[in-house]
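# Notes for the structure review
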Amino acid sequence: NAGVMQNPRHLVRRRGQEARLRCSPMKGHSHVYWYRQLPEEGLKFMVYLQKENIIDESGMPKERFSAEFPKEGPSILRIQQVVRGDSAAYFCASGQSFSNTEAFFGQGTRLTVV
Amino acid sequence: EDQVTQSPEALRLQEGESSSLNCSYTVSGLRGLFWYRQDPGKGPEFLFTLYSAGEEKEKERLKATLTKKESFLHITAPKPEDSATYLCASNQAGTALIFGKGTTLSVSS
């Protein structure tokens, strides 16, 4: 029973490049959440998606960031034209439904912008 | 604004020295209160969910309790392998989790 799978685990991008982070939820889970964790800070909510729908993107920066969770395939968090301040650990969590709010996390993608 | 505040930020214990971690929350219409453990370089690992005041849950040396304004994670006779950052989170129905900054626990033998 595979858990939440994120890849890559580590990603290095030069300033101005694009970063694509992938998240495959646990089997049977149709809800995905993306969080960002900066050193010495807590997990900050970014976006909440259900298959083919964005439920809540209130934590996502208005520019350069986008997320999708297509009918088939993993959820993608896309960061365009990365800057050094985007360097962080990005975590994905998945859950079963609105009524079951327990969320299980992946191991994260550590993005470094050089 | 909904908030989750954890204290202390860091806690050092000797092996066998029991203590408690605090999580206070100001979330209207609380749906659940969650505890996670996070080891360095890894994702948060789910520990407990509490739904109503007075509820308690236990797992090995850990016990989580919930009141109307706060939750406690009690650690009984900790071992070095309990060293980690413990995260508290809460949410309303249909919304994502709001996390505190965590308590970093170090247990020395």
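Structure's up top.
My aim in this report is to walk through the structure given alongside it, one point at a time. (Residues numbered from 1 in each chain as written. Chains lettered and ligands numbered in written order. Predicted model: local features only at pLDDT ≥ 70, side-chain atom pairs only at ≥ 80, totals over all residues. Heavy atoms only, no water.)

So, about the overall build of chain A. Of the regular secondary structure elements, chain A holds 0 helices and 11 strands. From first element to last, N terminus to C terminus, chain A shows the α and β order β-β-β-β-β-β-β-β-β-β-β. In summary, chain A has a C-alpha radius of gyration of 13 Å against a globular reference of 13 Å for 114 residues, a match within 12%. Reported as C-alpha extents along the three principal axes, the dimensions of chain A are approximately 40 × 25 × 25 Å. In chain A, buried positions account for 44% of the 114 residues. Within chain A, counting contacts between residues at least 6 apart in sequence, those at least 24 apart form 52% of the total. Only carbon and sulfur atoms are counted for the fraction: they give 46% of the accessible area of chain A, which is about 5,900 Å². Distance between charge centroids for chain A: 7 Å, based on 16 positive and 11 negative side chains. (Helix = DSSP H or I, 4+ residues; strand = E, 2+ residues; numbered from the N terminus. Rg over C-alpha atoms; globule rule 2.2 N^0.38 Å. Buried < 20%, exposed > 50% of the residue type's maximum accessible area, 1.4 Å probe, protein only. Contact = heavy atoms within 4.5 Å. Areas by Shrake-Rupley, 256 points an atom, 1.4 Å probe, with all protein chains shown as cover. Lys, Arg positive; Asp, Glu negative; His and termini not counted. Charge placed at Lys NZ, Arg CZ, Asp CG, Glu CD.)

So, about the interface of chain B and chain A. Taken together, the contact pairs 20 residues of chain B with 19 residues of chain A. Both sides of the chain B and chain A interface together cover about 1,600 Å² of buried area, and 54% of this is carbon and sulfur. The interface formed by chain B and chain A contains 0 salt bridges. Where chain B touches chain A, the interface holds 5 residue pairs in polar contact (both at pLDDT 80 or more). The greatest single-element share of the side of chain B that touches chain A, amounting to 4 residues, is contributed by strand E4 (residues 30-38) of chain B. (Buried area = accessible area lost by both parts, 1.4 Å probe. Salt bridge = Lys/Arg side-chain N within 4 Å of Asp/Glu carboxyl O. Polar contact = N/O pair within 3.5 Å; in protein donor to acceptor, adjacent residues only side chain to side chain.)

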